[in-house]
Amino acid sequence: MKNLFVLLGLGIILALSSCNNEIDASHFIWNDNLYIATYEPISDEEIGMISRVVKGTAKESGEAKGIAQGTRLYQIKGREISSGKIGYIAYELDGKLYIASKYIQ
C-alpha cells in the first residue's frame, strides 16, 4: 500500500512538471509545502483548515485553489505530513476525507 502512495505521488509530480509555474490541479499550501489533491478516501486527526481561496497558484500556508475556504485538513495516522520528498495530508470534501500528496518542484 505504501508503494501505491509513492507511485501515485510520483505520477502526479510527473504529470504536473512543466516549463510554466502555473498549477491547474486542485492544491493547497500547508507549512510551506505544496500538496496536490488526489480525491482518494481516508480518515484521521484534524490539523487545520483552508483559510483563503486564490485564483492563481497558492503561495502561503492555508491558501488553496480549487478547494473551498473552511476545508478541514487532517494528519493521516502513520504517515508523515512532510518527510523529505514524501508527505501526505488528508482534506475533507462533502463529508469524506481524501489524500493530498506533497508536490516537489
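Residues numbered from 1 in each chain as written. Predicted model: local features only at pLDDT ≥ 70, side-chain atom pairs only at ≥ 80, totals over all residues. Heavy atoms only, no water.

A short note on the overall build of the protein
Stage number 1. Check the secondary structure of the protein and you find one helix and eight strands.
Stage number 2. Going residue by residue from the N terminus, the α and β elements of the protein occur as α-β-β-β-β-β-β-β-β.
Stage number 3. Look at the contacts in the protein between residues 6 or more apart in sequence, and 55% of them connect residues 24 or more apart.
Stage number 4. Accessible area for the protein stands at about 6200 Å²; split by element, carbon and sulfur atoms hold 51% of it. (Helix = DSSP H or I, 4+ residues; strand = E, 2+ residues; numbered from the N terminus. Contact = heavy atoms within 4.5 Å. Areas by Shrake-Rupley, 256 points an atom, 1.4 Å probe, with all protein chains shown as cover.)

A word on the nonpolar core
Stage number 1. Membership of the largest hydrophobic core comes to 13 residues, with the highest contact counts inside it found for Phe28, Tyr35, Leu73, Ile89 and Tyr91.
Stage number 2. Broken down by secondary-structure element, the contributors of at least two residues to this core are β1 (27-30), β2 (33-42), β7 (88-93) and β8 (96-103).
Stage number 3. Residues in contact with Leu73, not counting those within four places in the same chain, are Phe28, Trp30, Glu45, Glu46, Ile47, Gly48, Met49, Ile50, Ile89, Ala90 and Tyr91.
Stage number 4. Of all hydrophobic cores here, the second largest spans seven residues; its members include Ile23, Leu34, Val54 and Tyr103. (Core = buried A, V, L, I, M, F, W, Y, C linked by side-chain atoms within 4.5 Å. Buried < 20%, exposed > 50% of the residue type's maximum accessible area, 1.4 Å probe, protein only.)

A few points about the packing of aromatic side chains
Stage number 1. According to the stated counting rule, one finds three aromatic pairs in the structure shown.
Stage number 2. Between Phe28 and Tyr35, the ring centres sit 5.7 Å apart and the planes meet at 15°, which makes this aromatic pair stacked. Residues Phe28 and Tyr35 agree in their burial class; the two are buried.
Stage number 3. Pairing Phe28 with Tyr91 gives two aromatic rings, centres 6.3 Å apart and planes at 65°, and the pair type is edge-to-face. One end of the pair, Phe28, is in strand β1; the other, Tyr91, is in strand β7, and 63 residues separate them in sequence. Both residues of the pair, Phe28 and Tyr91, count as buried.
Stage number 4. Taken together through their ring pairs, the aromatic side chains of Phe28, Tyr35, Tyr91 and Tyr98 make up a single cluster. (Phe/Tyr/Trp six-rings, centres within 6.5 Å; stacked < 30°, edge-to-face > 60°.)

Side note on the pairing of β7
Stage number 1. When strand β6 (residues 72-75) meets β7, the two strands line up antiparallel, connected through two bridges. Each bridged residue has a counterpart across the sheet, and for Tyr74 the counterpart in β7 is Ala90.
Stage number 2. Where β7 hands over to β8, the hairpin turn is made up of two residues, of which Asp94 adopts a positive phi near 55°. (Pairing = 2+ DSSP bridges.)

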